[in-house]
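Structural characterization, general
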Amino acid sequence: MKIKFVSSILTLFLLILVIGCAAPNVQITYIFYDGQVPNVESDEYVEITNLGDHPQDLTGCVLVDISDGYPSFTFPFYILAPGKSIRVYTNEYHPEWGGFSFEYSRAIWNNSEPDVAVLYDNQGKEVSRKSYLN
Ligand SMILES: [Ca+2]
Ligand SMILES: [Ca+2]
(Lines give C-alpha, C1' and ligand atoms only; values in the text may rest on other atoms or scores of the structure.)
(Ligands and ions follow the chains in the order given, each with its own letter.)
Protein backbone atom coordinates (compact mmCIF):
# COMPACT_ATOMS: atom_id res chain seq x y z
CA MET A 1 0.00 0.00 0.00
CA LYS A 2 2.68 2.44 1.07
CA ILE A 3 4.98 1.40 -1.76
CA LYS A 4 2.18 1.87 -4.26
CA PHE A 5 1.57 5.36 -2.92
CA VAL A 6 5.26 6.28 -3.09
CA SER A 7 5.61 4.93 -6.62
CA SER A 8 2.59 6.86 -7.84
CA ILE A 9 4.03 10.04 -6.34
CA LEU A 10 7.31 9.29 -8.11
CA THR A 11 5.49 8.72 -11.40
CA LEU A 12 3.73 12.04 -11.02
CA PHE A 13 7.04 13.71 -10.29
CA LEU A 14 8.65 12.18 -13.39
CA LEU A 15 5.71 13.28 -15.50
CA ILE A 16 6.21 16.84 -14.29
CA LEU A 17 9.92 16.60 -15.13
CA VAL A 18 9.35 15.16 -18.61
CA ILE A 19 6.78 17.68 -19.75
CA GLY A 20 6.46 21.26 -18.58
CA CYS A 21 7.19 24.52 -20.36
CA ALA A 22 10.69 24.78 -18.85
CA ALA A 23 11.87 23.20 -22.09
CA PRO A 24 13.59 25.76 -24.35
CA ASN A 25 11.33 24.71 -27.19
CA VAL A 26 8.45 26.81 -25.92
CA GLN A 27 9.05 30.34 -27.16
CA ILE A 28 7.25 33.67 -27.45
CA THR A 29 7.31 33.95 -31.25
CA TYR A 30 5.29 37.08 -31.97
CA ILE A 31 3.71 40.09 -30.27
CA PHE A 32 0.87 41.80 -32.12
CA TYR A 33 1.19 45.06 -30.17
CA ASP A 34 -0.66 47.57 -32.37
CA GLY A 35 -4.26 46.46 -32.00
CA GLN A 36 -6.95 47.56 -34.45
CA VAL A 37 -9.65 48.05 -31.82
CA PRO A 38 -9.59 51.78 -30.90
CA ASN A 39 -8.09 52.71 -27.51
CA VAL A 40 -8.50 49.41 -25.65
CA GLU A 41 -6.67 47.34 -28.32
CA SER A 42 -8.41 44.22 -27.07
CA ASP A 43 -7.15 42.37 -30.17
CA GLU A 44 -3.47 42.64 -29.20
CA TYR A 45 -1.93 39.22 -28.60
CA VAL A 46 1.23 37.36 -27.70
CA GLU A 47 1.88 34.21 -29.69
CA ILE A 48 3.61 31.25 -28.05
CA THR A 49 4.89 28.34 -30.14
CA ASN A 50 6.15 24.86 -29.38
CA LEU A 51 9.20 24.67 -31.66
CA GLY A 52 10.12 21.17 -30.50
CA ASP A 53 9.08 17.64 -31.42
CA HIS A 54 7.26 16.79 -28.19
CA PRO A 55 4.07 18.02 -26.55
CA GLN A 56 4.70 20.65 -23.86
CA ASP A 57 2.67 21.32 -20.77
CA LEU A 58 1.82 25.00 -20.34
CA THR A 59 -0.13 24.41 -17.14
CA GLY A 60 0.87 26.95 -14.50
CA CYS A 61 3.17 28.86 -16.84
CA VAL A 62 2.93 32.63 -16.48
CA LEU A 63 3.10 35.35 -19.15
CA VAL A 64 3.91 38.88 -17.95
CA ASP A 65 4.56 42.35 -19.33
CA ILE A 66 7.75 42.83 -17.30
CA SER A 67 8.25 46.43 -18.48
CA ASP A 68 5.25 47.43 -16.38
CA GLY A 69 5.13 44.38 -14.09
CA TYR A 70 1.52 43.72 -15.07
CA PRO A 71 -0.72 42.25 -16.16
CA SER A 72 0.14 38.58 -15.85
CA PHE A 73 -1.63 35.55 -17.21
CA THR A 74 -1.40 32.08 -15.67
CA PHE A 75 -2.16 29.17 -17.97
CA PRO A 76 -4.83 26.70 -16.95
CA PHE A 77 -4.30 23.03 -17.82
CA TYR A 78 -3.10 23.02 -21.43
CA ILE A 79 -0.84 20.80 -23.55
CA LEU A 80 0.74 22.51 -26.56
CA ALA A 81 1.27 20.10 -29.46
CA PRO A 82 4.59 20.11 -31.40
CA GLY A 83 4.74 22.88 -34.02
CA LYS A 84 1.56 24.50 -32.74
CA SER A 85 0.97 28.06 -31.53
CA ILE A 86 -1.46 29.62 -29.10
CA ARG A 87 -2.22 33.29 -28.48
CA VAL A 88 -2.92 35.19 -25.30
CA TYR A 89 -5.16 38.09 -26.30
CA THR A 90 -5.44 41.32 -24.35
CA ASN A 91 -9.21 41.03 -24.01
CA GLU A 92 -10.67 38.81 -26.74
CA TYR A 93 -11.72 35.18 -26.87
CA HIS A 94 -10.49 33.14 -29.85
CA PRO A 95 -11.02 29.41 -29.26
CA GLU A 96 -9.10 28.55 -32.44
CA TRP A 97 -5.98 29.99 -30.74
CA GLY A 98 -6.58 28.29 -27.42
CA GLY A 99 -9.10 30.80 -26.03
CA PHE A 100 -6.58 32.54 -23.73
CA SER A 101 -7.03 36.16 -22.63
CA PHE A 102 -5.52 38.54 -20.08
CA GLU A 103 -9.11 39.87 -19.72
CA TYR A 104 -7.51 43.28 -19.42
CA SER A 105 -9.72 46.28 -20.18
CA ARG A 106 -6.89 48.49 -21.43
CA ALA A 107 -4.12 48.09 -24.02
CA ILE A 108 -1.17 46.11 -22.62
CA TRP A 109 1.57 46.41 -25.25
CA ASN A 110 2.80 50.01 -25.61
CA ASN A 111 2.85 51.18 -29.23
CA SER A 112 5.45 53.93 -28.81
CA GLU A 113 7.83 52.43 -26.22
CA PRO A 114 8.10 48.66 -26.73
CA ASP A 115 7.37 46.50 -23.70
CA VAL A 116 9.04 43.18 -22.95
CA ALA A 117 7.03 39.98 -22.56
CA VAL A 118 8.40 37.13 -20.47
CA LEU A 119 7.13 33.57 -20.12
CA TYR A 120 7.91 31.78 -16.85
CA ASP A 121 7.47 28.10 -16.09
CA ASN A 122 5.36 26.89 -13.19
CA GLN A 123 8.42 27.21 -10.91
CA GLY A 124 8.96 30.88 -11.79
CA LYS A 125 11.96 30.20 -14.03
CA GLU A 126 12.24 32.27 -17.21
CA VAL A 127 11.51 30.29 -20.38
CA SER A 128 11.31 32.93 -23.08
CA ARG A 129 11.57 36.71 -23.48
CA LYS A 130 10.57 38.92 -26.40
CA SER A 131 10.04 42.54 -27.30
CA TYR A 132 9.21 44.20 -30.61
CA LEU A 133 10.22 47.15 -32.76
CA ASN A 134 7.77 49.97 -33.28
CA1 LIG B 1 2.54 47.61 -21.05
CA1 LIG C 1 -0.70 48.35 -28.20
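These lines cover the structure that appears in this document, whether it is placed above or below. (Residues numbered from 1 in each chain as written. Chains lettered and ligands numbered in written order. Predicted model: local features only at pLDDT ≥ 70, side-chain atom pairs only at ≥ 80, totals over all residues.)

A short note on the overall build of the protein chain
Broken down by element type, the protein chain carries 1 helix and 10 strands. Within the protein chain, residue pairs in contact and separated by at least 24 positions form 56% of the contacts whose partners lie at least 6 positions apart. (Helix = DSSP H or I, 4+ residues; strand = E, 2+ residues; numbered from the N terminus. Contact = placed C-beta atoms within 7 Å.)

Overview of the nonpolar core
Core analysis: the biggest nonpolar cluster contains 24 residues, and Val 46, Ile 48, Leu 63, Val 88 and Leu 119 have the highest contact counts within it. Sorting the residues of this core by element identifies strand 1 (26-32), strand 2 (45-50), strand 7 (85-89) and strand 9 (117-120) as the ones contributing at least two each. For Val 46, the contacting residues outside a window of four places in its chain are Ile 28, Ile 31, Leu 63, Arg 87, Val 88 and Ala 117. (Core = buried A, V, L, I, M, F, W, Y, C linked by C-beta atoms within 7 Å. Buried ≥ 20, exposed ≤ 12 C-beta atoms within 10 Å, placed from the backbone.)

Considering the pairing of strand 4 (residues 62-65)
By the alternation rule, side chains of strand 4 split into Leu 63 and Asp 65, which are all buried, and Val 62 and Val 64, of which none is buried. Here strand 4 pairs with strand 5 (residues 72-74) via 3 bridges, running antiparallel. Looking across to strand 5, one finds that Leu 63 is bridged to Phe 73. Counting the residues between successive antiparallel strands, the hairpin from strand 4 to strand 5 contains 6 residues, one of them, Gly 69, with a positive phi of roughly 85°. Two elements, strand 4 and strand 9, share 4 bridges in a ladder whose sense is antiparallel. (Pairing = 2+ DSSP bridges.)

What about the sheet that holds strand 10 (residues 126-130)?
Strand order in this open sheet of 4 strands is 5-4-9-10, and the pairing throughout is antiparallel. The open sheet has two edge strands, strand 5 and strand 10, and neither has a second partner. Averaged over all neighbouring strand pairs, the angle between strand axes comes to 15°, with direction disregarded. (Axes fitted to C-alpha atoms, helices over the stretch in contact; angles between N-to-C directions.)

Notes on the sheet that holds strand 7
Spatial strand order, 1-2-7-8: 4 strands in an open sheet with mixed pairing. Two strands lie at the open edges of the sheet, namely strand 1 and strand 8 (100-101), each paired on one side alone. Inspection of the sheet shows strand 1 paired to strand 2 by 6 bridges, in the antiparallel sense. In the strand pairing of strand 2, Gln 27 is matched with Thr 49.

Focus: unusual backbone geometry
Here the residue pair Tyr 70 and Pro 71 is connected by a cis peptide bond, since its omega of -10° sits within 30 degrees of zero. Mapped onto the secondary structure, Pro 71 falls in the loop between strand 4 and strand 5. One non-glycine residue, Asn 39, lies in positive phi territory at about 65°. By secondary structure assignment, the location of Asn 39 is in the loop between strand 1 and strand 2.

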